Amino acid sequence: MTDRYCVFGHPVAHSKSPAIHAAFAAQTGQAMEYTAIEAPLDDFAGAWRRFTAEGGRGANVTVPFKEEAFRLCDTLSQRARRAGAVNTLVLGKNGLTYGDTTDGVGLVRDLVRHGVTLAGARILVLGAGGAVRGVLEPLLAERPASLVVANRTAAKARALAADFRELGTITGGGFDAVAGPFDVVINGTSASLAGDLPPLPDDLFSEGATAYDMMYGAEPTVFLRWAEARGARPVDGLGMLVEQAAESFYQWRGRHPDTAPVLETLRASL
Ligand code: ATR
C-alpha cells in the first residue's frame, strides 16, 4: 500500500502543501500520496485516528488544529513542547504519535538561504501569538545578540519572552517601547491581513537590515512595502512555507529535498 500523508486544516482547500510534497516526492523518488483533508472543527483527534487506520503515516497540521494536534501526541520534540503546538505528526512503528513543529526551522533556513547572519544579530519579532511562539526557540538557538518581541498587547509579549528567557537574551513589550536599530525584523502578526501596519518608528533598521514577513502573496505585504521604503531588504514567507515542508518531509521519509526549484515553481504560480 502506498504510504499516505496529508495536511489537516479548516479550511484547507487552498493549501499549497499537497503541491509542495508532490514535488518533493517526485524529486526524491518516494512512492507516497499527500492530500488535503478538512477535519471537523470538533473532532481533530478522530480525524487523525481515522486517517491512520486507513494507512496514514504522517500529517501536517495547520490552522486551527495545531494546539489540538499537540494535545493528542504521545511524544513530542523539545521545540514542539515549548511551542505548545505541532505542525507535523508522525505515526511511529509502535503505533504511537510523535509531534514536532518545523515552522521555526523553516524560518531560520529561509533567512540563512537569503544570506542573513543570525548569530550576533539584533532581532525584532512583531506579534506574540501562536505563529511567533512557534519560531522563538530556533531563532534563539542561532545565538542572536538580542531578541525583542513587540506586540499590540504588551503583556502578551512580556509573558512570551519570559517563557523563553532561559534560552537567550529575549525581552518583550509594546510597540511604543521599540527602539532600533535592528538587523532583522520579522513580522509574525496577522495585521497584514487587515491591511494594517504595527505603529513602528521610522529608524527601525540598521544598514543592510532584512525585513521578513511570515505571510506571503502575489503582492508584497503592507509591512514589506513600508520596510523597503525605509531601506530594509524585503523577504516574504513563501520560502519559510517550503522549508518547513521540507523538514516535515525529512521527518517522514529521511530525505532532504532540494527546496530551490520547488520554491521557484510556487513563486511563479502565485
Ligand atoms: P497566530 O496563530 O497567527 O499567531 P494569533 O495567536 O491570533 O494568531 O496572533 C495574532 C497576532 O497578530 C497577535 O500578536 C496580535 O496582537 P494582539 O496579541 O495584540 O491581539 C497581532 N495582530 C492582529 N491584528 C493586528 C493589528 N491589526 N495590528 C497589530 N497587531 C495585530
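What counts, and at which threshold
- Residues numbered from 1 in each chain as written.
- Predicted model: local features only at pLDDT ≥ 70, side-chain atom pairs only at ≥ 80, totals over all residues.
- UniProt positions renumbered as here; feature names shortened; annotations may be inferred.
- Helix = DSSP H or I, 4+ residues; strand = E, 2+ residues; numbered from the N terminus.
- Buried ≥ 20, exposed ≤ 12 C-beta atoms within 10 Å, placed from the backbone.
- Contact = placed C-beta atoms within 7 Å.

- Per an unreviewed UniProt entry, the chain carries the name Shikimate dehydrogenase (NADP(+)) and comes from Halomonas alkalicola.
- Looking at the Subunit (unreviewed entry) heading of the UniProt record, one finds this comment for the chain: "Homodimer."
- UniProt's Catalytic activity (unreviewed entry) comment on the chain is quoted here verbatim: "shikimate + NADP(+) = 3-dehydroshikimate + NADPH + H(+)".

**Side note on unusual backbone geometry**
Piece 1. Residues V63 and P64 are joined by a peptide bond in cis, for which omega reads 5°.
Piece 2. In this fold, P64 is placed in the loop between strand 3 (56–61) and helix 3 (66–72).
Piece 3. Omega for the peptide link from G180 to P181 comes to 5°, which places this bond in the cis form.
Piece 4. Considering the arrangement of structural elements, one finds P181 in the loop between strand 9 (170–174) and strand 10 (182–187).
Piece 5. Not every positive phi belongs to a glycine, and R143 is a case in point at roughly 60°.
Piece 6. Along the chain, R143 turns up in the loop between helix 6 (130–141) and strand 8 (146–151).

**Regarding the UniProt feature "active site" (unreviewed entry) in the chain**
Piece 1. In the numbering used here, UniProt assigns the "active site" (unreviewed entry) feature to K66.
Piece 2. Inspection of the secondary structure puts K66 in helix 3.
Piece 3. Given 25 C-beta atoms within 10 Å, K66 falls into the buried group.
Piece 4. Ignoring anything within four residues of it in the chain, the contact list for K66 reads V61, A85, V86, N87 and G130.

**Re the UniProt feature "domain: Quinate/shikimate 5-dehydrogenase/glutamyl-tRNA reductase" (unreviewed entry) in the chain**
Piece 1. Listed under "domain: Quinate/shikimate 5-dehydrogenase/glutamyl-tRNA reductase" (unreviewed entry) in the UniProt record, and renumbered for this structure, are residues 117–192.
Piece 2. For the annotated span residues 117–192, helix accounts for 30% and strand for 29% of the residues, and the straight-line distance between the end C-alpha atoms is 26 Å.

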